[in-house]
Amino acid sequence: MSLPAAADLPREYSAEELLDCGPYAEPLIAGDVRCHGGFDADGRYRSPRTLHRAPAIRAWQAGLERDGHALLAIDPKLMPPQYPNVEQAGLLLREGVRDPVVRRLTIIAIVEGFGAIIRDVRVPDLGSQLVEPIEGTVLAHLRKGLFEAHARDEAGYRDEGGHKQMWEAARDLALESPKIPGDVLMRMMGQGPGRRGARKRAFPRIDPDLEILLATMAQVLAVEVFAMGAFDWGERLLSDPEVSAAPDAAGAMVGYIRSDESPHVEYLRTALSEVAARTLRTVDGATLPGREVVHGLLHRNLRGLTRERREEQRGDIRQSLVDSMQVHRDPKGLLERFDALETPWTPPERTGFESSGPSGPADSAEGGAAAEAG
Ligand SMILES: [Fe+2]
Ligand SMILES: [Fe+2]
């Protein structure tokens, strides 16, 4: 990523600035809901709350770089393929089996709405938990607008729709307001982390609130990166005039959502990189390299998402797929054609974050229902 003059940008912002959208020439209307974001005078879409947030993130990244620290990144190769993939979903729609695609799009919308929980994450006093100062960093702005902006982007704010409403609109445009299966939410609740019990602490030597904050940011970052696959899937599928009733409008809507996600990935990976570049104080008065904790949490999360969690999700989806195909005149033949289109995939051996010491209970999968979208 090129950082044009980012080093000269200010690195201190108020919450009001980080939540500021600036003016739009035209608002974004999705279905009949006024949504966030809007269009400039040239008709280009501008994401919400990025007037200062976007340059601020560039400035914080430049600060990290200037201090000689790396910006961590999740390898996109870790992202499992979508199931059903675009070709499989297209086949189902052309054959009149609409339930699995309606279900998938509805789940994405619901999970986007769940994103609002980021505003409830407790941020302990990082100034005392970290040895090095945090002025002029993402870490100093999590509670000063960044978590709030993220929550508003995902779930909407006041009478303005966010990603939840935008996905619903894309679905309803493309599939002409389909009937939503009544058990979507119920099935989602039967999945996810609840079925494995409470998460075990990976780093009991650090403050519990600090561990929850870092684990949540690691988890949400992985979810945001993996969601890019789901969004690419949605954009390609809903832009296909063979299966979509509104290929331009529905495809464009998903495109707007995708561009809004970029600041989420960027501030989260910057925040985690800032912690990785610092030293954490332990509850017993010693210290721990931040890198060990951040990389350990990311490793544990990515292993879970690419292995156990993926198999579980695939199993859940497959059962409901086979059920949905019963409306077809030849369910067995359709299932064979469907399976022949499957994308083969083996998770990479390494997550890229295993190098730094104890990785904690690496086999516990996390992410849960939130592993669906960003
Ligand atoms: Fe989102
Ligand atoms: Fe997001």
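For the structure, see preceding data.
Please read all numbers here as calculations on a predicted model, not as lab measurements.

Draft legend 1. Spotlight on the packing of aromatic side chains. All chains considered together, the criterion is met by 7 aromatic pairs. Taking the centre distance of 5.4 Å and the plane angle of 75 degrees together, the rings of Phe39 and Tyr256 count as edge-to-face. Here Tyr256 lies in helix α10 (residues 247–276) and Phe39 lies in strand β2 (residues 33–39), a separation of 217 residues in the sequence. Each member of the pair, Phe39 together with Tyr256, is buried. Ring geometry for Tyr45 versus Tyr256: centroids 4.5 Å apart, planes at 20 degrees, classification stacked. Note that Tyr45 is positioned in strand β3 (residues 45–46) and Tyr256 in helix α10, a separation of 211 residues in sequence. Classification of Tyr256 as buried rests on a relative accessible area of 19%. Grouped by ring-pair contacts, the aromatic residues Phe39, Tyr45 and Tyr256 constitute a single cluster. The ring of Trp233 carries Arg104 above its face, with NZ or CZ at 5.7 Å from the centroid.

Draft legend 2. The arrangement of the nonpolar core in detail. Ranked by size, the top nonpolar core spans 50 residues in total, and within it Ile74 and Leu214 carry the most contacts. Counting residues per element, the ones that place at least two in this core are α2 (53–66), α6 (142–155), α9 (208–238), α10 and α11 (290–306). At 11 residues, the largest contribution of residues to this core is made by α9. If sequence neighbours within four positions are ignored, Ile74 has contacts with Leu221, Ala222, Val225, Phe226, Leu298, Leu302 and Phe353.

Draft legend 3. Just the packing of helix α4 (residues 99–114) against α9, in detail. Two elements in contact, α4 and α9, have axes separated by 12 Å at closest approach and are oriented at 135 degrees. By the criterion of interaxial angle, the relationship of α4 to α9 is oblique. Two packed elements cross with a definite hand, and for α4 against α9 that hand is left-handed. Across the interface between the two elements, Val101, Arg104, Leu105, Ile108 and Glu112 of α4 pack against Ala230, Phe231, Trp233, Leu237 and Leu238 of α9.

Draft legend 4. Spatial organisation of the state of the cysteines. Scanning the model with the defined rule gives 0 disulfides in all. Distance from the sulfur of Cys21, which forms no disulfide, to the nearest cysteine sulfur (Cys35) is 12 Å.

Draft legend 5. Geometry of the pairing of β2. Of all 7 residues in β2, 5 are buried; the element is thus mostly enclosed. Where strand β1 (residues 26–30) and β2 come together, 5 bridges link them in antiparallel fashion. The partner of Ala30 across the bridge, within β2, is Val33. Here β1 hands over to β2 after 2 residues, with Gly31 in that stretch at a positive phi of 65 degrees. Bridge count for β2 against β3 is 2 bridges, and the pairing is antiparallel. What sits directly across from Phe39, in β3, is Tyr45. Where β2 folds back on β3, the antiparallel hairpin that results is connected by 5 residues, among which Gly43 adopts a positive phi of roughly 85 degrees.

Draft legend 6. Quick look at unusual backbone geometry. The amide bond that connects Tyr83 to the next residue, Pro84, takes the cis arrangement and shows omega of -5 degrees. By secondary structure assignment, the location of Pro84 is in the loop between α2 and α3 (86–94). A positive phi angle is found at Arg158, which is not glycine, with a value near 50 degrees. With respect to the helices and strands, the residue Arg158 is situated in the loop between α6 and α7 (163–174). Its identity as a non-glycine residue notwithstanding, Ser177 has a phi of 45 degrees, on the positive side. You can see Ser177 is positioned in the loop between α7 and α8 (184–189). The class for Ser177 is exposed, based on a relative accessible area of 53%.

Draft legend 7. Summary view of the packing of α2 against α10. Contact geometry for α2 and α10: axes closest at 10 Å, N-to-C directions at 30 degrees. For the element pair α2 / α10, the angle class is roughly parallel. Judged by the twist between their axes, the crossing of α2 over α10 is left-handed. Every residue of α10 that contacts α2 at Arg53, Ile57, Trp60, Gln61 and Leu64 is listed here: Pro263, His264, Glu266, Tyr267, Arg269, Thr270, Ser273 and Glu274. Classifying every residue of the contact of α2 with α10 gives 5 nonpolar, 4 polar and 4 charged.

How each quantity is defined
Residues numbered from 1 in each chain as written. Chains lettered and ligands numbered in written order. Predicted model: local features only at pLDDT ≥ 70, side-chain atom pairs only at ≥ 80, totals over all residues. Heavy atoms only, no water. Phe/Tyr/Trp six-rings, centres within 6.5 Å; stacked < 30°, edge-to-face > 60°. Helix = DSSP H or I, 4+ residues; strand = E, 2+ residues; numbered from the N terminus. Buried < 20%, exposed > 50% of the residue type's maximum accessible area, 1.4 Å probe, protein only. Lys NZ or Arg CZ within 6 Å of the ring centre and 35° of its normal. Core = buried A, V, L, I, M, F, W, Y, C linked by side-chain atoms within 4.5 Å. Contact = heavy atoms within 4.5 Å. Axes fitted to C-alpha atoms, helices over the stretch in contact; angles between N-to-C directions. Parallel < 35°, antiparallel > 145°, perpendicular 65-115°, else oblique. Left-handed = near helix turned anticlockwise from the far one by under 90°. Disulfide = S-S within 2.5 Å. Pairing = 2+ DSSP bridges. Nonpolar A, V, L, I, M, F, W, Y, C, P; charged D, E, K, R; others polar.

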